[in-house]
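One letter stands for each residue in the lines below.
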Amino acid sequence: MERLLIDLLLNFMSAEQLYDALDDPRMVAILIGAMVAVSGALLGTFLLLRHMALTSDAISHTVLLGIVVAFIVMVYGLDQEADISSPWLIVGAALSGVLTVYLTELIFRSGLVKEDAALGLAFPLLFAIAIILISRYADDIHLDEDTVMVGEIGVAWANANEHCFANCEEVVITPDHPKAETGRQCINCKPSGPYSPRDPEAIFKEICSNCGTYPASIAYTRGYIDTSPQIVLWPRAITTMGVITLVNALFVLLLYKELKLATFDAGLAAALGFRPGLLHYALMALVSVTAVGAFDAVGAVLVVAFFIVPAATAYLLTDRLWRMLVLSSFIGALAAYTGYDLARGDFLGIYNLDKLLVFLDKHVLDLGGNTTWNVHIASAMVMMTGFFFLLAWVVSPRYGLVSNTIRRMVQRRRFREQLLLMHIHNHENTENANRELALDTLHMHLNWSENHLKRMVARLRSRNLVRVQNNLVIMTDRGERLLQKIMQERISA
Amino acid sequence: MTKNHTMLSALLVPMVTIIPLSAVLFDVEFDYNLRMVLLGASILGLVTGVLGSFAVLRRQSLLGDTLSHAALPGVVIAFMLMGRELGWLLIGAGIAGWLGTVLMNMIIRTTRIKQDAALGIVLAVFFGTGMALLSYSQGHEDASRAGLDKFIFGQAAAIVERDVLMVSGVAIVVLLIIGLFWKEFKLLTFDSEFASTNGFPVWFLDLFLSTLIVVSIVLGLQLAGVILMVGMLIAPGVAARQWTNNLSSMVILSGLFGAAAGASGAVFSAAAEGLPTGPLIIVAASLIVIVSLLFAPERGLIWRWWNQRQDQQQFLSESLLADIYRLAEKHGSTTYLVPHGMLTHLHGRAARKVLRELAAHRLLEKQATGWRLTAQGVIQAEKVERNRQLWKLYRLYRDEFEAPPVVENFQQDIREVLPREVVTRLERLLA
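Predicted model, so just to flag it, every value in this text is computed and none were measured. In this numbering scheme, every chain counts its residues from 1 along its sequence in written order. Each chain gets a letter, beginning with A, and each ligand a number, beginning with 1, in the order they are written. The model is predicted, so local features are restricted to residues of pLDDT at least 70 and side-chain atom pairs to those at 80 or more, both for listing and for counting; the totals for chains, interfaces and linings are taken over all residues. Think of the side-chain values as coming from all heavy atoms in the structure, minus any hydrogens and water.

Overview of the nonpolar core
Argument step 1. For this analysis, a nonpolar core means a set of buried residues of the types Ala, Val, Leu, Ile, Met, Phe, Trp, Tyr and Cys, connected via side-chain atoms within 4.5 Å. Exposure is judged per residue with a 1.4 Å probe applied to protein chains only, and the accessible area is read against the type maximum: over 50% gives exposed, under 20% gives buried, and values in between give partly exposed. Formed by 207 residues in total, the largest nonpolar core has its most connected members in I32, V113, V298 and F389 of chain A together with I113 and I121 of chain B.
Argument step 2. Residues contacting I113 of chain B, with those up to four places away along its chain left out, are A312, Y315, L316 and F389 of chain A together with I107, I108, A118 and I121 of chain B. Two residues form a contact once any of their heavy atoms are found within 4.5 Å.

Structure (structure tokens):
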């Protein structure tokens, strides 16, 4: 399958270009990060809407149990070498995810424990069992908790499969080959035999020190052949994450209608015969598989960020489900892209964190001269998701802090205007009018400050809604009409 | 209540005796190291248990998970500035966790994001920031793994006397504060709206309680680690909730459960070479939860299952008596022989066993082809039938008689639940 994909790519670029692109850690890390982000965001959107965001956290931890059990099965049951990219891992992870959710529901359905506590009981237990198993079988399964909890996306490019396209013939070096390094070796000399090479009894044998079969790439680097083979080193993580992203995207695309219905109205979905429970477990299994595919790159804790944070950011920006899916994927991918640079200190190309560190080192604290911001890449990507969330939280046109504050201010002002107009309307042409509507006492009747009243009257006057006559505030025709309209709207609402 | 206490003491005895027991059973040697771990784990279990019961009741179980993750950047910054000094690490973690709580509350208050996602956002972003800082503090990225495992998984074995003293000191302060603010926390837990209308500073109390939880989590980090802390916080509270409906007994019990889990985790980890303490504590706490869920009186699953079974049996036996009685009445003779097949057809196979039981109580008589009421059975059936009639009348005339509202239960003697004058009026109606 990798081969197929590479063939496809080779239609667009030469093998050398592809080789260079895949040899670039930045390129590969961003690509993998973006795939983790997209596959996480697609599922995370539904988790968020179903109020199950923390289930992804629980699952990403219990996946460890699935991995450990898969390792134990591989080593003891199938007598294989434990391999972190084995399909058994995917099976184990999916099962452990489903087990987590099932266990949580089992505890919850007993009616004795609340839902949040049920989750909080289930996943620490499964995780604890996983750690106990690891420490028990550590010698045989070569699995370290740290590898699972903290991934390293920066080295993903190095872990690659080799694909060769031209000049791929294996090179066989025989003793007659011009590049063969031959020599004579004494077989009964010291230290194993009694003789020295000078003795006439010494027996010699022709040997060839580099004879054998070499794959083209090694043969080329050793100089046995002159033409370089066309090789593409394809990082394995790209395939794993690519497949997972594809599966998630297909799941969401093909079952879009069903997912939507089950998310917003599970009762109706069940009544229409859509099996929302089955869909629910399928979603959970995919979350587990995504978590296990990603832990290599970003680690079990940080993958939670890719599930929750971009989806929450998109949730603040739109009300449409499909827009939310697209937006959250885009934001996640963007966070992966900008996060790689942030790990090297470059914040969106605007500011370099090294400057901050130099400043801190000089004036505030002693950083011991360590003024280079060069950090764990996946963490920096998570920091960027957090930054984008913050940005959306503040400036989202619909649900942001700024727009909310402005909207509230506008509403408050409009309400006050209406209040004033209503007051004038109620007391105009009554016998109390002189007392209620006098410019210098009116503020007391509304319980406003004098200045505030003056500002409000000035504003209404400028819009020709009221006028001041004999020190009384009186409505104009225009004001009267506006008030009528407002009251009608109130009634019809 | 007394049954409750007997069962509870039966559960507590092995917990309290776990230390002397383990010395005999598992051949554990109580050296200095184990004593320290044991003390530290028990005291921590006590504190987290006490605080956890509030978290459980307030539906904030997963707050512990978030706070323990959110503490990482604080720990790292404190470590960079002050070095490996437990007190400063605590303060750093406390500040970071506290910030996380504030941020989470702001997200919930000002956006439409719900608590679960807000918890997740704070957890992930804070932890990511902490990881970035950690890798920075250690110079280059791969070294980030070196110190992290201690934070994520804890290392109980490294506990020394000074840590134990520190943990004890903090524990005493936390318990004192809970004692002092008992009334406020109780109100906050059960009816925060009432508390706020009565002028209690709810947001402050909320934050205060969260801060205490942060403190206990930070204490526990070096023992159980980030991920397992949430279990230590919740499990004892959930277990204690099953045994009692009273907050003070729940808190005390939860503390005891936590201490027992901590102690047994420490002991078992010493008994089985190479097994880590933190996860064993969680397994012990989970076992306590399972036992509580199953066996707790009145709430426990087994208890409930047994009660339901009893109810079903009683219902079936009363229905059988009443059916036989009515059939007999229709046929004009109280000793009418009801065919066996008819009863099993009406009530299913379960009826056979109940019929035999009724016969054993001499309420029924078995004949070759069916069943017949005995004299005693007639009296009993009349009583049951009469009770049913009274209940039906109660349903009809409840409002007219201004009778107190009670749960309709045909199997209960109506005279036990309704005032006498209402019953007499109902009886007069029946006559």
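Side note on the environment of I244 of chain A
All names here are of chain A.
Argument step 1. Runs of H or I in DSSP of at least four residues are treated as helices and runs of E of at least two as strands, each being numbered from the N terminus. Along the chain, I244 falls in helix 9 (residues 236-254).
Argument step 2. Looking at I244, the relative accessible area reads 6%, which means it is buried.
Argument step 3. The spacing of I244 and F330 is 86 residues in sequence and 17 Å in space, taken between C-alpha atoms.
Argument step 4. When residues no more than four places from it in sequence are discounted, the contact partners of I244 are S39, V289, T290 and G293.

Considering the interface of chain A and chain B
Argument step 1. Of the residues lining the interface, 62 residues belong to chain A; the matching set on chain B comes to 60 residues.
Argument step 2. Ranking the residues of chain A by area buried against chain B places L54, L112 and W393 of chain A at the top, with a combined share of 13%.
Argument step 3. Any carboxyl oxygen of Asp or Glu within 4 Å of a side-chain nitrogen of Lys or Arg constitutes a salt bridge here. At the boundary of chain A with chain B, the tally comes to one salt bridge.
Argument step 4. D319 of chain A serves as the salt-bridge partner of R112 of chain B, at 2.8 Å between the closest nitrogen and oxygen.
Argument step 5. For the side of chain A that touches chain B, the element with the most residues is helix 6 (residues 115-141) of chain A, which contributes 14 residues.
Argument step 6. For this scheme, ten residues count as nonpolar: Ala, Val, Leu, Ile, Met, Phe, Trp, Tyr, Cys and Pro. Four count as charged, namely Asp, Glu, Lys and Arg, and the remainder, Gly too, count as polar. Here the side of chain A that touches chain B is composed, by residue class, of 39 nonpolar, 14 polar and nine charged. What counts as buried area is the accessible surface, traced by a 1.4 Å probe, that two parts surrender upon association, with contributions from both included.

Here's the deal with the side chain of E184 of chain B
Residues and elements named next belong to chain B.
Argument step 1. Mapped onto the elements of the fold, E184 is located in helix 9 (residues 182-190).
Argument step 2. Only four residue types enter the charge count: Lys and Arg as positive, Asp and Glu as negative, with His and the chain ends excluded. Buried charge without a partner: E184 forms no salt bridge, and the closest opposite charge is K183, 4.2 Å away.
Argument step 3. The residues touching E184, leaving out its near neighbours within four places in the chain, are F200 and L205.

Overview of the domain arrangement of chain A
Argument step 1. Along its sequence, chain A is organised into domain 1 (2-152 + 236-323), domain 2 (169-228) and domain 3 (402-492).
Argument step 2. For domain 1 of chain A and domain 3 of chain A, the distance between their C-alpha centroids amounts to 59 Å. Where a domain begins and ends is set by an automatic assignment or by a domain database.

As for a negative patch on the surface
Residues and elements named next belong to chain A.
Argument step 1. Here a patch means residues that are over 30% exposed by relative accessible area and free of salt bridges, tied together within 9 Å if like-charged and within 5 Å if nonpolar (Val, Leu, Ile, Met, Phe, Trp, Tyr). Where accessible areas are quoted, they stem from the Shrake-Rupley method and a 1.4 Å probe; at the residue level, only the protein chains shown are allowed to cover. A single reference atom marks each charge: NZ on Lys, CZ on Arg, CG on Asp, CD on Glu. Residues E16, D20, D23 and D24 make up a contiguous surface patch of negative charge.
Argument step 2. Residue placement: E16 occurs in helix 2 (residues 15-22).
Argument step 3. For E16, a relative accessible area of 45% puts it in the partly exposed group.

A few points about the environment of F268 of chain B
Argument step 1. Its location among the elements puts F268 of chain B in helix 13 (residues 247-271).
Argument step 2. Expressed as a C-alpha distance, the spacing of F268 of chain B and I288 of chain B, which sit 20 residues apart in the sequence, is 15 Å.

With respect to the pairing of strand 3 (residues 370-373) of chain B
All names here are of chain B.
Argument step 1. When DSSP locates at least two bridges between a pair of strands, those strands are taken to pair. Note: strand 1 (residues 338-339) against strand 3, two bridges, orientation antiparallel. Bridge pairing links V338 to W371 in strand 3.
Argument step 2. For strand 2 (residues 364-366) and strand 3, the ladder comprises three bridges, and the chain directions are antiparallel. Among the inter-strand pairings, E365 is bridged to a residue of strand 3, identified as R372.
Argument step 3. A loop of three residues connects strand 2 with strand 3, the two strands running antiparallel in sequence.

Focus: a positive patch on the surface
Residue and element names in this part refer to chain B.
Argument step 1. Taken together, the side chains of R309, R349, R352, K353, R356 and K366 make up a positively charged region of the molecular surface.
Argument step 2. Structurally, R352 can be placed in helix 17 (residues 350-360).
Argument step 3. Classification of R352 as partly exposed rests on a relative accessible area of 37%.

Re the pattern of salt bridges
Argument step 1. On inspection of all chains with the given rule, the structure shows eight salt bridges over all chains.
Argument step 2. Residues E417 of chain A and R463 of chain A are paired through a salt bridge, measuring 3.0 Å at the closest nitrogen-oxygen approach. With E417 of chain A in helix 17 (residues 401-427) and R463 of chain A in the loop between helix 20 (450-462) and strand 9 (466-469), this pair connects stretches of sequence that are 46 residues apart.
Argument step 3. Several salt bridges share partner residues, and in doing so they unite D319 and R398 of chain A together with R112 of chain B into one network.

Overview of the confidence of the model for chain B
Residue and element names in this part refer to chain B.
Argument step 1. Confidence scores here are pLDDT values: one per residue, from the predictor, ranging 0 to 100. The predicted model of chain B has a mean per-residue pLDDT of 82, with 89% of residues at 70 or higher.
Argument step 2. Taken element by element, the predicted model of chain B shows its lowest mean pLDDT in helix 7 (residues 144-153) (56) and its highest in helix 9 (90).
Argument step 3. In this model, residues 140-146 is a region of pLDDT below 50 whose contacts with residues beyond four sequence positions or in other chains number 17 contacts.

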